[in-house]
Amino acid sequence: MAVGLTHFLVVGALLFCLGLYGVLTRRNAVAILMGIELMLNAANINLIAFNKYVAPAALDGQVFALVVITLAACEVGVGLALVITAYRNLETVYVDRIDVLKW
Amino acid sequence: MRDLAWLIPLFPLVAFGLITALGRRLPGEGSHVAVAGIGLSALLSIGIFVEMAFGAPPAEMTVRWMMLGGNPLELGFRVDHLTTIMLLVVTVVGSMIFIYSIGYMHGDPRFPRFFAYLSLFAASMLLLVLADNLLFLYAGWELVGLCSYLLIGFYFERPSAARASLKAFLTTRVGDFFMFLGILLVFLTLGSFRFEEIFARVREGALAGATIGGLPLLTLAAVLIFGGAVGKSAQVPLHTWLPDAMEGPTPVSALIHAATMVAAGVYLVARTFTLFLDWPAAGALHGGAALQAVAYVGGITALMAATIAVVQDDIKRVLAYSTISQLGLMMLGLGMLGYTAGMFHLMTHAFFKALLFLGAGSVIHAMGTNDIKAMGGLARTMPSTYWTFLIGALALAGVPPLAGFWSKDEILLEAFHHNTGLFVMAALTSLLTAFYMFRVIFYTFTGTLRSHDAHPHESPPVMTLPLWVLAGFSAVVGLVGAPMLGNPMHRFLHFEGVAAVPFSVGLALLSTAIAGAGILAAAVTYRWGIVPSSALRRAAGPLYALVVRKYYFDELYALAVVRPVLWIGRSLRVFDVYVIDMLVNLIGVGVVALARLYRLFDLYVVDGVVNLVGWTAKALGGTLRYVQTGRAQNYLLAIALGVIVIVAAGLLR
């Protein structure tokens, strides 16, 4: 069985759904950040797959993927800093307890 | 000099303006200005008189004022023989009274105002006299009425003075109303106010045979105009205001209510004499029905007022009734075709009655009371006042050769020739006049002082000097009508077409005898006490009661006029309070009720809608705020579900 674009897209979609599930269900802020990483990488798989099968001559998809990876690294940096600050102020990393901005 | 006549009323008017504006800052606190004003007028009047006496023709100055329905309305001055006489009387007597007032009013808190009023009066009176048309004359007529009102009420703190001024004003207004109707009637039929035009038309017989409502028009107009004279000259039945007018300061009584203003009625009749006559196409002139009315009103007034004067104890009231009586005599003279006689008596009367009033003022000044029964023996303490008063009284009584004798004799002469009944009335009036004047003299100046708390003293020279000047005039002014001197008065002033009645020595002796009898009777009763006055009172009985109550005129008017008018006024007030005000209040209450209703509408409907909107928004917000949980995951879930729904919708389409 030849591996084609569809397989990559299905893997990307599954990975995105796993990430989304993690983001929506985990209580720990660090775990949510990890979910976000999964979703970003699902997007990366899509970008690379489309680059390979739809427009192999272009480099746009690969460049975009690299940008996303860089972005993800930055995002984790900022996100962890936020988590630490939240912990220092609210003494918790559980997002269901961080609900000061309600009503 | 006759074309300067317009200056005559101007001088006192300017004085009035100056005193009103500057008051006490003027020399003599305004009195010197007032005297200067009237004095200049007097000099000018004398000049004009001299000019006229040397035969200058009458002069007239007229300016067009405006057009009234095709008829020009003109204002102007007319200087003729009648005017000249009046000018002389008003300004000369006026000057003396002005000077006297400086002494009499000394120390009065409203001293400048008194002289302002006096000057205004003089200006108005001179305007009245100089007017060349009925309208202008009427303006002066009302102005003197106003001044009279102001001066009677000069001591307005006294309720009696305030009432008297109102009474004088309202009573004369009744006459003025008729007079104005008469003036309008003349204007409507002849289309002019000017004397010269009116008289010329009447002489041509323009109104002969004309009737209005079945009445002869000329007679009606004359009687209506005479109505004004009845009011102003205090003739029966409008005489009741003059005795009350004595509430004013005595110089005012002398000037306005004896010498000049009240004589304006007589002047009016003389001025419009043409209207009172019948103008037959041929034959001698004779008086019309209107002139008869003048004669009878005058005769009745003369006799009635003379009887009342006999029983008065207030020195000024005696003189007031005497004035009414003498004015009646003048009217009687005019009514008997005695044009010259009436005006002659007006002139002499002005001098000696002003003198008598000023003398009375001097006495009142010294005694502080008007009651002659409280006086007595003043001849010794006040010789100047006594002698001048005596000259005035003799002149009034008609003792030759003083002024009153000549003029009264002429009236008696006219009456004797035309109407025996009226002659008897005039003769009786003369008898009573002599009697009451000497009653006053005996009570006031002879015997001993009856009041114990008075310290009479002679008045200052500023008061006695005018007395002596007026006494001089009273003594000699009658000689201008003396037949031995050719009766210059008659030559100066007479009515064309009316024959003069020849002088009669017999009648002159009779009139002297009447005056002597009156004086003798007074002496018998009040000087020697041979017949005590109480005996006279008892003998007269009910007649005395009638006279002492002044023939019940005041009571009659109170019953017939004053009380009904007051009743109507009060009724109207009740109507006003309970009906008109009620209506107004009802409307007010209705509006308030409506406003209350609208307030409810505003509160519950308009505000309700607004509140409902607000409340709905609030409820909605209150419910929906729980969506904001503050948990980021919930929001994220909503976003994810939203994306799924959008994508699903996109795929299914």
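Model, not experiment: these values are computed from the prediction.

## Considerations on the overall build of chain A
Stage number 1. Across its full length, chain A carries three helices and zero strands.
Stage number 2. Listing each helix as α and each strand as β along chain A from the N terminus yields α-α-α.
Stage number 3. In terms of overall dimensions, chain A is more spread out than a globule: its C-alpha atoms have a radius of gyration of 17 Å, far above the 13 Å expected for 103 residues.
Stage number 4. Structurally, chain A occupies a C-alpha span of about 50 × 25 × 25 Å along its principal axes.
Stage number 5. Burial statistics for chain A: of 103 residues in total, 12% are counted as buried.
Stage number 6. Counting only contacts in chain A whose residues sit at least 6 apart along the sequence, the fraction spanning at least 24 positions is 50%.

## What to know about the overall build of chain B
Stage number 1. Looking only at helices and strands, chain B has 26 helices and six strands in total.
Stage number 2. In summary, chain B has a C-alpha radius of gyration of 38 Å against a globular reference of 26 Å for 653 residues, an excess of more than 25%.
Stage number 3. With the principal axes as the frame, chain B shows a C-alpha extent of 155 × 70 × 55 Å.
Stage number 4. The buried share of chain B, taken over its 653 residues, is 48%.
Stage number 5. Contacts spanning at least 24 positions in sequence make up 79% of the contacts within chain B whose residues lie at least 6 apart.

## Overview of the interface of chain A and chain B
Stage number 1. In this complex, chain A contributes ten residues to the contact, which on the side of chain B involves eleven residues.
Stage number 2. Looking at side-chain class alone, the side of chain A that touches chain B contains seven nonpolar, no polar and three charged residues.

## Points about the environment of B:Ser504
Stage number 1. Assignment of secondary structure puts B:Ser504 in the loop between helix 21 (488-492) and helix 22 (505-527).
Stage number 2. Between the C-alpha atom of B:Ser504 and that of B:Asp409, which follows or precedes it by 95 residues, the distance is 9.3 Å.

## Examining the pairing of strand 2 (residues 71-79) of chain B
All names here are of chain B.
Stage number 1. As defined by bridge partners, strand 1 (residues 59-68) adjoins strand 2 across nine bridges and the pair is classed as antiparallel. Within strand 2, the position partnered with Val 63 by the bridge is Leu 75.
Stage number 2. Connecting the antiparallel pair strand 1 and strand 2 is a turn made up of two residues, with Gly 69 showing a positive phi of about 60 degrees.

## What to know about helix 1 (residues 5-25) of chain A
Stage number 1. Helix length check: helix 1 of chain A (21 residues) gives 30 Å between terminal C-alpha atoms against 30 Å at 1.5 Å per residue, within 8%.
Stage number 2. Taken as a whole, helix 1 of chain A has its buried residues at A:Gly12, A:Gly19 and A:Val23. Angular distribution of buried residues about the axis of helix 1 of chain A spans 40 degrees; they occupy a single face of the element. Every exposed residue of helix 1 of chain A that faces more than 90 degrees away from the buried side is listed here: A:Thr6, A:His7, A:Val10, A:Leu14 and A:Thr25.
Stage number 3. Structurally, helix 1 of chain A contributes buried residues whose contacts are with helix 2 (29-53) of chain A together with helix 26 (632-652) of chain B.

## Examining the packing of helix 14 (residues 315-335) of chain B against helix 15 (residues 339-367) of chain B
All names here are of chain B.
Stage number 1. Close contact between helix 14 and helix 15 brings their axes to 9 Å; oriented N to C, the two are set at 175 degrees. Taken as axis vectors, helix 14 and helix 15 run roughly antiparallel relative to one another. Contacts between helix 14 and helix 15 involve Ile 315, Lys 316, Leu 319, Thr 323, Gln 326, Leu 329, Met 330, Gly 333 and Leu 334 from the first element and Tyr 339, Ala 341, Gly 342, His 345, Leu 346, His 349, Lys 353, Leu 356, Phe 357, Ala 360 and Val 363 from the second.
Stage number 2. Split into classes, the residues belonging to the contact of helix 14 with helix 15 amount to twelve nonpolar, six polar and two charged.

## Some thoughts on the nonpolar core
Stage number 1. One finds B:Val266, B:Val269 and B:Ala354 to be the most contacted residues of the largest nonpolar core, which totals 206 residues.
Stage number 2. Top element by residues in this core is helix 15 of chain B. It accounts for 17 residues.
Stage number 3. Listed in part, the five residues of the second largest apolar core include A:Val23, A:Ala29, A:Ile32 and A:Leu33.

## Let's talk about the confidence of the model for chain B
Stage number 1. Averaged over all residues, the pLDDT of chain B is 90; the fraction at 70 or higher stands at 99%.
Stage number 2. Across the predicted assembly, pTM comes out at 0.78 and ipTM at 0.85.

## Comments concerning the packing of helix 17 (residues 383-397) of chain B against helix 20 (residues 461-476) of chain B
All names here are of chain B.
Stage number 1. Where helix 17 contacts helix 20, the axes come no closer than 9 Å and their chain directions differ by 25 degrees. By the angle between their axes, helix 17 is roughly parallel relative to helix 20. Relative to helix 20, the crossing made by helix 17 is left-handed. For the pair helix 17 and helix 20, contact is made by Ser 384, Thr 385, Thr 388, Ile 391, Gly 392 and Ala 395 and by Thr 464, Leu 467, Trp 468, Ala 471, Ser 474 and Ala 475, respectively.
Stage number 2. Its residues assigned to classes, the contact of helix 17 with helix 20 comprises six nonpolar, six polar and no charged.

## Brief notes about the environment of B:Ile102
Residues and elements named next belong to chain B.
Stage number 1. Relative to the helices and strands, Ile 102 resides in helix 3 (residues 81-104).
Stage number 2. Distance in space between the C-alpha atoms of Ile 102 and Asp 278 is 48 Å, their sequence separation being 176 residues.
Stage number 3. Among residues more than four places away in sequence, those in contact with Ile 102 are Gly 28, Ser 31 and Val 462.

Rules of the game
- Residues numbered from 1 in each chain as written.
- Chains lettered and ligands numbered in written order.
- Predicted model: local features only at pLDDT ≥ 70, side-chain atom pairs only at ≥ 80, totals over all residues.
- Helix = DSSP H or I, 4+ residues; strand = E, 2+ residues; numbered from the N terminus.
- Rg over C-alpha atoms; globule rule 2.2 N^0.38 Å.
- Buried ≥ 20, exposed ≤ 12 C-beta atoms within 10 Å, placed from the backbone.
- Contact = placed C-beta atoms within 7 Å.
- Nonpolar A, V, L, I, M, F, W, Y, C, P; charged D, E, K, R; others polar.
- Pairing = 2+ DSSP bridges.
- Expected span 1.5 Å × (residues − 1).
- Arc of directions from axis to C-beta.
- Axes fitted to C-alpha atoms, helices over the stretch in contact; angles between N-to-C directions.
- Parallel < 35°, antiparallel > 145°, perpendicular 65-115°, else oblique.
- Core = buried A, V, L, I, M, F, W, Y, C linked by C-beta atoms within 7 Å.
- pLDDT = per-residue confidence, 0-100.
- Left-handed = near helix turned anticlockwise from the far one by under 90°.

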